[in-house]
Amino acid sequence: MNRSTLFRAAVAAAGVSLLAACGGNASADGEEKKPSSSSAGSTPSAADAFTVTHVGGPTAVLEIAGQRILIDPTFDAPKKYKSGMSKTKGPAFGPEKLGKIDAVLLSHDQHDDNLDGKGREVLKDIPVVFSTPGAHKRLGDHITPMKSWEERELKSSGSTIKVTAVPALHGPDGVDRGADGEVTGFVLSGKGVPTTYVSGDNASVKVAKQVGDRIKKDIGAIDTAILFAGAARTPAILDNAPLTLTSKNAALVAKDLNPRKVVPIHTDSWDIYSEDIKSLVNAFKEQGVDDKLVDLEPAGEKKNLS
């Protein structure tokens, strides 16, 4: 059973339609009627377009305020890496179909599931890459390093997006993994920009709540949360503890932050994920926030977030 079937089956069991959150309509028999959509690599037709296209794993293209932003590029075909992890499914499309990208939000560079070989090649052709100070040291001056709560501006002819780096904890509360666990999240905001939280590989509900509280105080309500879930685990690190949000914790974050939409990524295409989209939908149902979830299937199809 594929991810899309699991998602729809879980939603049907919950008795809740998520099609409105995905920009689709439903017929009387529950069958989705998808609106026509342009290709993943096209330019937004209007400056106020707000869409997401899931490529696979943590990789997605966000179109917001007339700009196109790539999150954690991974474009390799399935393979096993020296780190021991394996990619089990290729991307929905390759770099050649990306189209113009204005910037990359790179949560971290030191793990293959967030930046693989072809992803590294993609970075060379993109003018702005925001990431951690460690990524700047390892990848070079092409990377704009950002410490937590630092701000940068991403400007285009029609908009200015404020990019704020926010804390993320790549493991359980109270654990310091050092340089190997250095990771960042991001918040996008500004005039005409839906305030969007990108969690990065954060496993902590506490840290996400701290981010949400400060953003609500300094900027305003979070409109959309892009949550890295999947409860990534590896026996070699912290005795198999979750390194990203479990399904339950992702639901708790959604309940606490109360965004209008939740975009769930980082749940497929790699063998390190211990939880899937079905468990995520069930956890969101238990917390009463399943109406916020955006169905990203099929991968590679643009989804409306407006």
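Since the structure is predicted, the reported quantities are computational estimates derived from the model, not experimental observations. (Residues numbered from 1 in each chain as written. Predicted model: local features only at pLDDT ≥ 70, side-chain atom pairs only at ≥ 80, totals over all residues. Heavy atoms only, no water.)

### Quick notes on the packing of helix α5 (residues 247–257) against helix α6 (residues 277–286)
Describing two packed helices takes the angle between their axes plus the distance from one axis to the other. Stated precisely, the cut-off is as follows: The angle between two axes is taken between their N-to-C directions and runs from 0 to 180 degrees, where each axis is a line fitted to C-alpha atoms and a helix contributes only its stretch in contact. Helix and strand assignments come from DSSP, with helices taken as H or I runs of at least 4 residues and strands as E runs of at least 2, each series counted from the N terminus. For classification purposes, an angle smaller than 35 degrees is called roughly parallel, one larger than 145 roughly antiparallel, one from 65 to 115 roughly perpendicular, and anything else oblique. Whether a crossing is left-handed or right-handed is set by the direction in which the near helix is turned from the far one by less than a right angle, anticlockwise for left-handed and clockwise for right-handed. It only takes one pair of heavy atoms within 4.5 Å for two residues to be counted as in contact.
Between α5 and α6, the least distance of the axes is 8 Å, while the angle of their chain directions is 45°. The orientation of α5 relative to α6 falls into the category oblique. As for the relative orientation of α5 and α6, their crossing is right-handed in sense. Listed contacts from α6 to S247, K248, A250, A251 and A254 of α5 are S279, L280, A283 and F284.

### Comments concerning the sheet that holds strand β10 (residues 143–145)
How we decide: When DSSP finds two or more bridges between a pair of strands, those strands are recorded as paired.
A sheet is described by the order of its strands in space; here seven strands give the open sequence β10-β9-β8-β5-β4-β3-β17, paired in mixed fashion. At either end of the open sheet lies a strand with only one pairing partner, and these are β10 and β17 (302–304). On average, each strand axis in the sheet is tilted by 25° relative to the strand beside it, whichever way the strands run.

### A word on the nonpolar core
How we decide: We define the nonpolar core as a collection of buried residues of types Ala, Val, Leu, Ile, Met, Phe, Trp, Tyr and Cys that are connected through side-chain atoms lying within 4.5 Å of one another. Relative accessibility decides the category of a residue: with a 1.4 Å probe and only protein chains considered, values under 20% of the type maximum give buried, values over 50% give exposed, and everything between is partly exposed.
In this structure, L62, I64, I161 and V163 are the most contacted members of the largest nonpolar core, which totals 27 residues. For this core, the secondary-structure elements that each account for two or more residues are β3 (50–56), β4 (59–64), β5 (67–71), β8 (103–105), β12 (160–167), β13 (184–189), β15 (224–228) and β16 (261–265). Excluding residues that lie within four positions of it along the chain, I64 makes contacts with A49, F50, I69, I161, L188, V193, P194 and T196. Formed by 24 residues, the second largest nonpolar core is a distinct cluster that contains A229, L257, V262 and L293.

### Focus on helix α4 (residues 205–218)
Our working rule: In a helix, the anticipated span is given by 1.5 Å times the number of residues less one. Directions are taken from the helix axis to each C-beta atom, and the arc is the one they span. Polar contacts, as used here, are pairs of N or O atoms within 3.5 Å; protein pairs need one atom able to donate a hydrogen and one able to accept it. Residues neighboring in sequence count only if both atoms are side-chain atoms.
The end-to-end C-alpha separation of α4 is 20 Å, in line with the 20 Å expected for 14 residues at 1.5 Å each. Taken together, the buried positions of α4 are V207, A208, V211, G212 and I215. Angularly, the buried residues of α4 cover 135° about the axis, an arc narrow enough to put them on a single face. Facing away from the buried side of α4, by more than 90 degrees, are the exposed residues K206 and K217. On the buried face of α4, the contacting elements are β12, β13, β14 (196–198) and α5. The N-cap of α4, judged by a side-chain oxygen 3.2 Å from the amide nitrogen of K206 a few residues on, is S204. G220 sits one or two residues past α4 and shows a positive phi near 140°.

### Considering the confidence of the model for the protein
One rule of thumb: low pLDDT means the predicted coordinates there are not for detailed reading. Spelled out, the test is: The predictor attaches a confidence to each residue, and that confidence, scored 0 to 100, is pLDDT.
Of the residues in the protein, 85% reach a pLDDT of 70 or more, and the chain-wide mean stands at 88. pLDDT under 50 marks residues 11–45. Its contacts with residues more than four places away, or in other chains, come to 61 contacts.

### A few points about the pattern of salt bridges
Quick reminder of the rule: A pair is scored as a salt bridge if a Lys or Arg side-chain nitrogen falls within 4 Å of a carboxyl oxygen belonging to Asp or Glu.
By the definition in use, this model includes 15 salt bridges. Of the charged contacts in the structure, one is a salt bridge between E153 and K155, with a shortest N-O distance of 3.5 Å. For K155, a relative accessible area of 61% corresponds to the exposed category. Residue E301 pairs with K303 through a salt bridge whose shortest N-O separation is 3.2 Å. Residues joined in a network through salt bridges with shared partners are E63, R68 and K302.

### Side note on unusual backbone geometry
A cis geometry characterises the amide bond from E297 onward to P298, with omega recorded as -5°. As for its position among the elements, P298 is in the loop between α6 and β17. The phi torsion at D239 lies on the positive side, around 55°, for a residue other than glycine. Note on placement: D239 falls in the loop between β15 and α5. Classification of D239 as exposed rests on a relative accessible area of 74%. If you check the backbone angles, N258 has positive phi at about 50° while not being a glycine. Inspection of the secondary structure puts N258 in the loop between α5 and β16.

### Comments concerning the packing of α4 against α5
To keep it simple, the criterion reads: Gly is placed with the polar residues, together with every amino acid not listed as nonpolar (Ala, Val, Leu, Ile, Met, Phe, Trp, Tyr, Cys and Pro) or charged (Asp, Glu, Lys and Arg).
Between α4 and α5, the least distance of the axes is 10 Å, while the angle of their chain directions is 20°. Considering their axes alone, α4 and α5 lie roughly parallel with respect to each other. Relative to α5, α4 is oriented so that their crossing is right-handed. For the pair α4 and α5, contact is made by V205, A208, K209, G212 and K216 and by N249, L252, V253, D256 and L257, respectively. Each residue belonging to the contact of α4 with α5 can be placed in one class, and the counts come to five nonpolar, two polar and three charged.

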